[in-house]
Amino acid sequence: MRRTTLALALLPLSLVLPVTAAPASVPAGGAADDAKAAPRVHRIGGCEVFPADNPWNQRIDKRPEWKWSDAIVGKQLAGHDLHLDLGTTEEYYGIPVNVVPQDQPLLPLQFGVDGEDYGDESDRGPVFVPADAAIEGGSRSEPDPGDGDRHVLAVRSGTCELIELYAAERVRDASGQVVAWRAAAAARWDLSSNKLRPARWTSADAAGLPITPGLLSYEEAASGRITHALRFTMPSARSAYTWPARHCGPSGNTARDLPAYGLRFRLPRSFPAHRYTGVARTIVKAMKKYGLVYADQGSAMYVTGTADPRWEDALDQFRAKPLDGKALQVVKPWRKVVSC
């Protein structure tokens, strides 16, 4: 989250799917006008991941390019190849999504991990995160990673609620039983609503956005249609944000060629998607139609997803035919950039 490297993630311990928010509608002249027919909305745990008019689910291929596009792309993206941060047989890149039932038992939530405490910008417990939830950066043999971002994402079926933790740790009693969770930050969303977090509040992601709607999942990519923006990272952020992000980048970063959190990037319509086949082509098409959301500081051009051995062909294609970040454009924001 606030670190400049991305952590390794894990294979599920509980039910994990291979796979904030915003005002009620996109502003006039925005993406809602760009796509007259609303596409299907991606589902997780039987829940639509935000309404069709949510910015995550809006096309941006006809939005104008922003005047600062060349400067921003040239500073941090040009010369860096697209990196799918998800993995196949490795132990296991990506961020897992835990899906829990409506009657999932609740656990208390504490704040403060490794000197980081965003409790004053967080939603409180108790939380429907199971004791054996998959933590980003862990594995089946070592489920409790000692460093990294340690995100925990959980979707509750039935109520269609989402909770996301940053720097999550299990709290155990003297017998070793998990009796609570501890995190540096926690954020909740109603997946049926476009409600934003309070202004200048963080989330499990630095931008104050949800992580889950921007993840790549193999099942969705294999269907031939990805109908939402993708989450990605760059090394440095401006001390600013734009809708639907809610949180500022590092204080003092005022240069105009630094990106504000929440900016949308895309591949232009002229980009040759035919260079790729199958799942890789589907990802490229999504980057053209729905684009990428700048959500956190991290390695340049890292696009986050969930682990699945079937990603291998797509990964091989992007290694053989690298996609340089210089091809990206910054889309003109729907609303003004808020300087912090």
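Computed from a predicted structure; not experimentally measured.

Focus: the side chain of arginine 246
Note on placement: arginine 246 falls in the loop between strand 13 (240-242) and strand 14 (264-266). Buried charge arginine 246 goes without a salt bridge, the closest partner of opposite sign being glutamate 121 at 11 Å. Reaching out from arginine 246, the side chain makes a polar contact with the backbone oxygen of arginine 197 at a distance of 2.7 Å. With residues near it in sequence (within four places) discarded, arginine 246 still touches Leu196, Arg197, Pro198, Ala199, Arg200, Trp201, Ala207, Gly208 and Tyr241.

As for the state of the cysteines
The full count for this structure, using the stated rule, is two disulfides. A sulfur-sulfur separation of 2.2 Å characterises the disulfide bridge that pairs cysteine 47 with cysteine 160. Because the torsion about its S-S bond is -85 degrees, the bridge between cysteine 47 and cysteine 160 counts as left-handed. Here the residue cysteine 47 occupies a position in strand 3 (residues 47-48), and cysteine 160 occupies one in the loop between strand 7 (152-156) and strand 8 (161-166), the gap between them amounting to 113 residues. Of the residues examined, cysteine 47 reaches a relative accessible area of 1% and is grouped as buried. Shown here for the chain is a disulfide pattern of 1-2, 3-4, where each number marks a bonded cysteine counted in sequence order.

A closer look at the sheet that holds strand 12 (residues 230-234)
Remark on secondary structure: sheet strands pair via backbone hydrogen bonds, oriented parallel or antiparallel. The six strands lie next to each other as 4-16-12-15-14-17, forming an open sheet whose pairing is mixed. Because the sheet does not close on itself, it has two edges, and the strands there are strand 4 (83-85) and strand 17 (329-330). With two bridges joining them, strand 12 and strand 16 (residues 302-304) adopt antiparallel strand pairing. Counted as the bridge partner of threonine 233 is tyrosine 302 from strand 16.

Re the sheet that holds strand 9 (residues 169-172)
Taken together, the three strands give an open sheet; going across it, the order is 6-10-9, and neighbouring strands pair in mixed fashion. Of all strands in the sheet, those bounded by a partner on one side alone are strand 6 (109-111) and strand 9. On average, each strand axis in the sheet is tilted by 35 degrees relative to the strand beside it, whichever way the strands run. Pairing analysis gives three bridges linking strand 6 to strand 10 (residues 178-183), with the strands arranged parallel. In the sheet register, glutamine 110 faces strand 10, and the bridge partner there is arginine 182.

The rules behind each value
Residues numbered from 1 in each chain as written. Predicted model: local features only at pLDDT ≥ 70, side-chain atom pairs only at ≥ 80, totals over all residues. Heavy atoms only, no water. Helix = DSSP H or I, 4+ residues; strand = E, 2+ residues; numbered from the N terminus. Buried < 20%, exposed > 50% of the residue type's maximum accessible area, 1.4 Å probe, protein only. Lys, Arg positive; Asp, Glu negative; His and termini not counted. Salt bridge = Lys/Arg side-chain N within 4 Å of Asp/Glu carboxyl O. Polar contact = N/O pair within 3.5 Å; in protein donor to acceptor, adjacent residues only side chain to side chain. Contact = heavy atoms within 4.5 Å. Disulfide = S-S within 2.5 Å. Pairing = 2+ DSSP bridges. Axes fitted to C-alpha atoms, helices over the stretch in contact; angles between N-to-C directions.

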